[in-house]
Amino acid sequence: MKGHVLALAALAAISGCQSAPKPEDMARTSLQTAPADLQLLCAHAAAGAAQVDSSKVLPTSSRALDATSYSVDLDAGGRKFNCIVDTAGSVKSVTPI
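Structure report, in brief. All figures in this text were calculated on a predicted structure; none of them were measured in a lab.

## Digging into the sheet that holds strand β1 (residues 57-66)
Then, in step 1: Read from one edge to the other, the open sheet built from four strands follows the order β1-β2-β3-β4, with strand pairing classed as antiparallel. Pairing within the sheet leaves two strands with one partner each, and these edge strands are β1 and β4 (91-96). Direction aside, neighbouring strands of the sheet carry axes that sit 20° apart on average.
Then, in step 2: Two strands pair when backbone bridges link them, and β1 and strand β2 (residues 69-76) are joined in this way by eight bridges, in the antiparallel orientation. Bridging across to β2, aspartate 66 finds its partner in serine 69.

## Overview of the state of the cysteines
Then, in step 1: The full count for this structure, using the stated rule, is one disulfide.
Then, in step 2: Through a disulfide, cysteine 42 is tied to cysteine 83; the S-S separation comes to 2.0 Å. Between cysteine 42 and cysteine 83, the S-S dihedral sits near -70°, and the bridge is therefore left-handed. Of this pair, cysteine 42 sits in helix α2 (residues 36-50) while cysteine 83 sits in strand β3 (residues 79-86), placing them 41 residues apart in sequence.
Then, in step 3: Cysteine 42 gets classed as buried once you look at its relative accessible area, which sits at 0%.

## Quick notes on the nonpolar core
Then, in step 1: In terms of nonpolar packing, the biggest core is built from 15 residues, with Cys42, Val57, Val72, Leu74, Phe81, Cys83 and Val85 touching the most fellow members.
Then, in step 2: Secondary structure elements with two or more residues in this core: α2, β2 and β3.
Then, in step 3: Ranked by residues supplied to this core, first place goes to α2 with six residues.
Then, in step 4: Beyond its immediate chain neighbours, meaning those up to four positions away, leucine 74 contacts Gln39, Cys42, Ala43, Ala46, Val57, Leu58, Pro59, Thr60, Arg79, Lys80, Phe81 and Cys83.

The rules behind the values
Residues numbered from 1 in each chain as written. Predicted model: local features only at pLDDT ≥ 70, side-chain atom pairs only at ≥ 80, totals over all residues. Heavy atoms only, no water. Pairing = 2+ DSSP bridges. Helix = DSSP H or I, 4+ residues; strand = E, 2+ residues; numbered from the N terminus. Axes fitted to C-alpha atoms, helices over the stretch in contact; angles between N-to-C directions. Disulfide = S-S within 2.5 Å. Buried < 20%, exposed > 50% of the residue type's maximum accessible area, 1.4 Å probe, protein only. Core = buried A, V, L, I, M, F, W, Y, C linked by side-chain atoms within 4.5 Å. Contact = heavy atoms within 4.5 Å.

Structural data, given as structure tokens:
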């Protein structure tokens, strides 16, 4: 019994020494998602289109369309929108989906 307790304590100490995975190995990291600042620009634009407070708009997903633009899906207080934004920060469109 005492040996089992020591083995468990040693295993717990070893598992506590694991380092975090590299960013490229994390599940939610992708080079194809829109940068956070562009997602926030889209959230602000969708808030205007939905006529809701911008704090009620959340990006739900994003993806690169090409080298200079992204598509961002948003939830604006239960209503769904799609926003197209370019890398310069210009919102090209906000449409309900």
